Amino acid sequence: MHHALRLRLDSAALQNNWRWLQRVAGVAAGAAVKADGYGLGAREVTRRLGAAGCRDFFVSTWAEAAALGPMPEAATLSVLHGVGPDDLKTALASNARPVLNTAAQVARWKAAAPGRACDVMVDTGMNRLGLRGEELHLLDGLTIDTLMSHLACADEDHAMNAVQQGRFAAVAATVSAKRYSLANSAGICLGADYAFDLVRPGLALYGGVPRGEAEGHIAQVAFPEAEVIQRRTVKASETIGYGATWTATADTEAAIVNIGYADGYLRCFAGSGSGSVAGAVLPLIGRVSMDLVALDANAAPQLAEGEWVTMDYALPAASDASGLSQYELLTGLSPRFERRWT
Ligand SMILES: *Cc1c(COP(=O)(O)O)cnc(C)c1O
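Scoring rules and cut-offs
Residues numbered from 1 in each chain as written. Predicted model: local features only at pLDDT ≥ 70, side-chain atom pairs only at ≥ 80, totals over all residues. Heavy atoms only, no water. Helix = DSSP H or I, 4+ residues; strand = E, 2+ residues; numbered from the N terminus. Buried < 20%, exposed > 50% of the residue type's maximum accessible area, 1.4 Å probe, protein only. Areas by Shrake-Rupley, 256 points an atom, 1.4 Å probe, with all protein chains shown as cover. Near = heavy atom within 4 Å. Polar contact = N/O pair within 3.5 Å; in protein donor to acceptor, adjacent residues only side chain to side chain. 1 Å grid on protein atoms, 1.4 Å probe; cavity = no way out; pocket = protein on both sides within 12 Å on 5 of 7 lines; lining within 4 Å. Sits in = over half its atoms within 2 Å of the grid points. Nonpolar A, V, L, I, M, F, W, Y, C, P; charged D, E, K, R; others polar. Pairing = 2+ DSSP bridges. Right-handed = clockwise from strand over helix to strand, strands pointing away.

Run through the overall build of the protein chain, naming residues and quoting values.
The helix and strand tally for the protein chain stands at ten helices and 19 strands. With respect to the three principal axes, the spread of C-alpha positions in the protein chain is 75 × 45 × 35 Å. With 342 residues in all, the protein chain has 51% of them scored as buried. Of the accessible surface of the protein chain, which amounts to about 14,800 Å², a share of 52% is contributed by carbon and sulfur atoms.

Set out below in structure tokens:
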């Protein structure tokens, strides 16, 4: 089956990003593979990171855990949203560990699976999920594998980082667990005090640059590539696309390519997005349609029907261009892409 849109995925870049994060952290590095591996494909990501040596994987829900299928040898899976009222049956039949987030979840797990290992999330300032300081006594009697917390502001130089680190160190000194874990991708860049026993990168595995410290070390993993459907000449004073928002000031060679907002290439790229072919940059002209965009192909005189354009999607630059976060740029990539690992 021919697909006119594909996501080229670089296995070596994924694995090297993980290795860099582990080296910087100086402790075990897991991988957040929720949201289908941030849109790249959780199964494929998990297999490749497992081959690189990753042993700790994180998804959000039991449905995601089930979709992941068999885990790599010796690897374990944690379900970040824990065990809700309708999750018990699935959780008890699964090898994955719930991350218990609330007093209700702790009580539910104690009653249903006494002595069985779990993970626990404690809140150190995020106020999203996690037990509060005054609830920690509820953890007595649990067999905790990984006790974790989550940083709210790690991608910024924010006073909250040190506050959360201090609170988490205090919790780790009083609550017994096999391992302690605080840092996401950005948290890893904050230094050794944030590493504890296990770090949990997501974004940076997939080519996101969470902080300046990671610049030059994290490589792009996902490359959207779209096929040219037509090359056409737009005459001076003619317009392109919906809203007629772009007018040719001179005769312009346009490449109409097979990607649009239904693929997750959103309208906010109008005016700032671009594609590349053989080193030539092709600026996006006019609006992004559902399934099409037009690129100024003056710089690519040979580009013709059936050839491929790589959309510029280095995450920090694409985030600046679109106003979308690096996370959204990845998780928004639709199932219409044929995902091709190299
Ligand atoms: C998603 C998530 C991570 C990974 O965060 P990144 O910013 O993508 O590195 C780590 N821990 C928890 C609890 C998460 O929800």
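Still to come is the rest of the account.
Give a description of the site of the ligand that names residues and reports values.
Surrounding the ligand, one finds 14 residues, the nearest of these being Lys34, Tyr38, Ser185, Leu203 and Tyr327. At 2.8 Å, a backbone N or O of Gly202 approaches an oxygen atom of the ligand. One of the backbone nitrogen or oxygen atoms of Leu203 is found 2.8 Å away from an oxygen atom of the ligand. Relative to its unbound accessible area of 390 Å², the ligand is 93% covered by the protein chains. Judged by its atoms lying within 2 Å of the grid points, the ligand is housed in the largest pocket. A breakdown of the residues in the shell around the ligand according to their chemical character gives seven nonpolar, four polar and three charged.

Outline the pairing of strand 6 (residues 97-100), listing residues and values.
Taking every second residue as pointing to the same face, both faces of strand 6 are buried, with Arg97 and Val99 on one and Pro98 and Leu100 on the other. Pairing analysis gives two bridges linking strand 5 (residues 76-79) to strand 6, with the strands arranged parallel. Bridging across to strand 6, Val79 finds its partner in Pro98. In this view, the connection linking strand 5 to its parallel neighbour strand 6 by way of helix 5 (residues 88-93) has right-handed handedness. When strand 6 meets strand 7 (residues 118-121), the two strands line up parallel, connected through two bridges. When the bridges of strand 7 are listed, Leu100 appears paired with Val120. On the question of chirality, the crossover connecting strand 6 to the parallel strand 7 by way of helix 6 (residues 103-112) is right-handed.

Shape is all these values report; function is a separate question.
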